[in-house]
Amino acid sequence: MSYSNLSKMNFEISDDQKKFLEQVDQACKSIREHETRCYLEEKSNDMTVPTFGKIGMLGCPISKKYGGLGYDILTYAFALERIGREGNSLRTFFSAHVSIGQMVLQNWADEEQKRKYLPDATSGKSIMAFALTEPDAGSDPGSMTTKFEEKGDSFILNGKKHWVGNGTMAKVMTTYARGPDDRISAFIVDTDSKGFHAEEMKNKMGLLSIKNAEIRFENCMIPKKNLLGTKGKGLSIAYSALIDGRLSVAAGAIGVMKDCLDESIKHSQKRQQHGTVLAKKQLIQEHLSSMIVNIESSRWLVYRSAVARQKLHDYVENLKESDSQWQEKLNREDKEYSALRARADRLAAIAKLHATNAAFDCANRAVQIFGSFAYQKTNRVTRHFLDSRAIIIYEGANEVLKLKLASLELGDKYQAY
Ligand SMILES: Cc1cc2nc3c(=O)[nH]c(=O)nc-3n(C[C@H](O)[C@H](O)[C@H](O)COP(=O)(O)OP(=O)(O)OC[C@H]3O[C@@H](n4cnc5c(N)ncnc54)[C@H](O)[C@@H]3O)c2cc1C
């Protein structure tokens, strides 16, 4: 795959990428009715893994070495954009399994860990999840109270996480805990480990075709070789995962907006009131034009952010090939790495902040265009409205992203979070 186009900000896709995206489109169409049924019945969509596994989407940005398709992050973002048209619920499955699931391992795991966990995840044999948030540590994960201690060849974890996406079905998840020296480390957890408990979180407002779980670690014993990255660097790993998470949410949000626009156009061209179709009313056209601006502005932010993230990925992958001590080098404040990471982090925060607010606005406008016809969950735009509330909260609540962006501009001493 050549990235030369990416550096010139040319978002045209190759024939090969086009073919893949057509497969994603077909998979989305084939699953549409079942996804709606699962959503309305509040069941996990059992067709997601087989349908998308067949076309390799379960490992889209993961190296071919581990069974993935090895696509660049921009192509992955295009695919998530298409999946987003089917709803945030379906897209969240991919964010949890791939973006903050497998990509964390691709980025930080050692070779043995990658060979053990990634092929099963890219093939869909095992589903992944990311367990960071705790009941008393949401926007401030640095205040987490989940603890680990060392005993012989094992780490013993104790504590609680919640809202973990794919948490009831995951076979493997990454999690984060505080050690006796107060520093936070990252771990890979097999969910059949002794002392691991997952319980479904019920009564959700939306995202009804995927499950979120509360996780309890009760003297949960995991082997020492499941430490992810360097001991004490867990928060940095979690924050790097959130770059990929935010990007995936933002990419999916574009699809949500596109679906809201398409549905609104169809409805407004059919529905007659006061002698003409709604599409001829100027106030309805204002809703449609706002959606168009929201879609196009979000696209540029997301695609640009994907390019920045790809550059960071390429730099780290090159370093891994040339220097076996790459983790130590990055930890010692490699200047180029810091600059590439800061840029990817900033652009992903901007893209997520803008695209998620824009998606909620589009869904709200679409509901208004449908009027009473949108007051039932059977309507697609209604589901987009309910699900888009979550994306303003998770992967960094939007207020916190605003504060992050302001303090990046003002300097650390102005940090308001
Ligand atoms: C549907 C869903 C799926 C999720 N999936 C996952 C998952 O897979 N894995 C995982 O680890 N977590 C997951 N989460 C958790 C999610 O990341 C957190 O909900 C999020 O980080 C916010 O934390 P909180 O809910 O505790 O809110 P709080 O941190 O309590 O924040 C509440 C409000 O206060 C605001 N706020 C917080 N701090 C400040 C400040 N300093 N200044 C101004 N305002 C502030 C926030 O913006 C927010 O509006 C999920 C959450 C939801 C709802």
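Residues numbered from 1 in each chain as written. Predicted model: local features only at pLDDT ≥ 70, side-chain atom pairs only at ≥ 80, totals over all residues.

> Would you take a moment to explain the overall build of the chain for this structure?
Along the backbone of the chain there are 12 helices and 10 strands. Computed over the C-alpha atoms, the radius of gyration of the chain is 21 Å, within 12% of the 22 Å expected from 2.2 N^0.38 for a compact globule of 417 residues. In terms of overall dimensions, the chain has a C-alpha envelope of 80 × 45 × 45 Å along the principal axes. Taking all 417 residues of the chain together, 48% fall into the buried category. Across the chain, every contact between residues at least 6 apart in sequence was considered, and the portion connecting residues at least 24 apart equals 74%. (Helix = DSSP H or I, 4+ residues; strand = E, 2+ residues; numbered from the N terminus. Rg over C-alpha atoms; globule rule 2.2 N^0.38 Å. Buried ≥ 20, exposed ≤ 12 C-beta atoms within 10 Å, placed from the backbone. Contact = placed C-beta atoms within 7 Å.)

> What is the right way to read the site of the ligand from this model?
Every one of the 20 residues lining the ligand counts as a neighbour, but Thr133, Gly138, Ser139, Ala397 and Glu399 are closest to it. Elements with a contribution of two residues or more to the shell around the ligand: strand S1 (128-131), strand S3 (154-165) and helix H12 (398-410). Classifying every residue of the shell around the ligand gives 14 nonpolar, 5 polar and 1 charged. Residues lining the shell around the ligand come from more than one domain, with at least three contributed by each of domain 2 (130-228) and domain 3 (234-414). (Near = placed C-beta within 6 Å. Nonpolar A, V, L, I, M, F, W, Y, C, P; charged D, E, K, R; others polar. Domains from an automatic or database assignment.)

> Can you help me understand unusual backbone geometry in this one?
The bulk of non-glycine residues show a negative phi, and the bulk of peptide bonds are trans. Phi is positive for asparagine 203, which is not a glycine, with a value near 60 degrees. Considering the arrangement of structural elements, one finds asparagine 203 in the loop between strand S6 (196-200) and strand S7 (212-223). One non-glycine residue with positive phi stands out, namely glutamate 395, at about 55 degrees. Tracing the backbone shows glutamate 395 in the loop between helix H11 (380-391) and H12. Judged by local crowding, glutamate 395 falls into the buried class, with 28 C-beta atoms found within 10 Å.

> Looking at this model, I keep getting lost on the pairing of strand S4 (residues 172-178). Mind explaining?
Residues in a regular strand project their side chains so that they alternate between the two faces of the sheet. S4 sits mainly inside the fold: 6 of its 7 residues count as buried. Pairing of S4 with strand S5 (residues 184-190) involves 7 bridges; the strand directions are antiparallel. Counted as the bridge partner of valine 172 is aspartate 190 from S5. In sequence, S4 turns back onto S5 through a hairpin of 5 residues, with aspartate 182 there showing a positive phi of about 75 degrees. (Pairing = 2+ DSSP bridges.)

> Even after reading the chapter, I still don't get H12, so can you show me in this structure?
Every α-helix carries 3.6 residues per turn, so stepping three or four residues along brings you back to the same face. The end-to-end C-alpha distance of H12 is 18 Å, a good match for the 18 Å that 13 residues give at a rise of 1.5 Å each. With its phi angle positive at about 110 degrees, glycine 411 sits one or two positions after the end of H12. (Expected span 1.5 Å × (residues − 1).)

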